[in-house]
Amino acid sequence: MPLPAEIARQLTEESIAFVQRMGLKAEVLEPGFVRLLAPLAGNQNHIGSMYAGALFTLAEMPGGALFLTSFDSQRFYPLVKEFNLRFCRPASGDIRVEARLGAEEIERIQAEAERAGKAEYRLELQLTDASGTVVAESRAIYQLRAHAR
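What counts and how
Residues numbered from 1 in each chain as written. Predicted model: local features only at pLDDT ≥ 70, side-chain atom pairs only at ≥ 80, totals over all residues. Heavy atoms only, no water. 1 Å grid on protein atoms, 1.4 Å probe; cavity = no way out; pocket = protein on both sides within 12 Å on 5 of 7 lines; lining within 4 Å. Points joined across faces, edges and corners; volume = space filled by probe spheres on them. Helix = DSSP H or I, 4+ residues; strand = E, 2+ residues; numbered from the N terminus. Nonpolar A, V, L, I, M, F, W, Y, C, P; charged D, E, K, R; others polar. Expected span 1.5 Å × (residues − 1). Contact = heavy atoms within 4.5 Å.

1. What to know about the layout of surface pockets
Step number 1: Approximately 230 Å³ is the volume found for the largest pocket.
Step number 2: Ile16, Met61, Gly64, Leu68 and Pro78 are the residues nearest the centre of the largest pocket, which is lined by 15 residues in total.
Step number 3: Of all elements in the fold, only helix 1 (5-14), helix 3 (52-70) and strand 3 (76-87) reach the threshold of two or more residues within the lining of the largest pocket.
Step number 4: Top element by residues in the lining of the largest pocket is helix 3. It accounts for 7 residues.
Step number 5: Residues that form the lining of the largest pocket fall into these classes: 10 nonpolar, 4 polar and 1 charged.

Take a look at the structure:
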């Protein structure tokens, strides 16, 4: 059973020390949909735009947040298998990312992980500023794995 939103929010924002230090906020956590925000404040690089590591973290976290809201953490856990981030323009403000997994895709992933012990899911995301301008694009392969019984 997926976790309640408040527990998923706490785990998303506070369970990884780096994520907590950067001030990442889980704005929406629903089954199959998450929206996360990274503030510019505290995450600037040497030219005043958002540090690449903060952008990477913001792009990578939706895979885990979707796991928390969509899958049974008692039976499964997520891993990042592959990740690519393309920078499009400097991020000069707070940055958001949204990620979705449809109900059929969630069912497929879980059924495959139950049957084979693991299943892959892909996320292609856009990181955007307040005006909707894309500052980075990510492509990732995550793996849902069954806990050993």
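Moving on from the model shown.
2. Comments concerning helix 4 (residues 103-116)
Step number 1: If you check helix 4, its first and last C-alpha atoms are 20 Å apart, about what 14 residues at 1.5 Å a residue would give, namely 20 Å.
Step number 2: Summarising the contacts, the buried residues of helix 4 are in contact with helix 3, strand 3, strand 5 (118-128) and strand 6 (134-146).
Step number 3: Downstream of helix 4 by one or two residues, Gly117 has phi in the positive range, about 90°.

These values are about where atoms sit, not about what they do.
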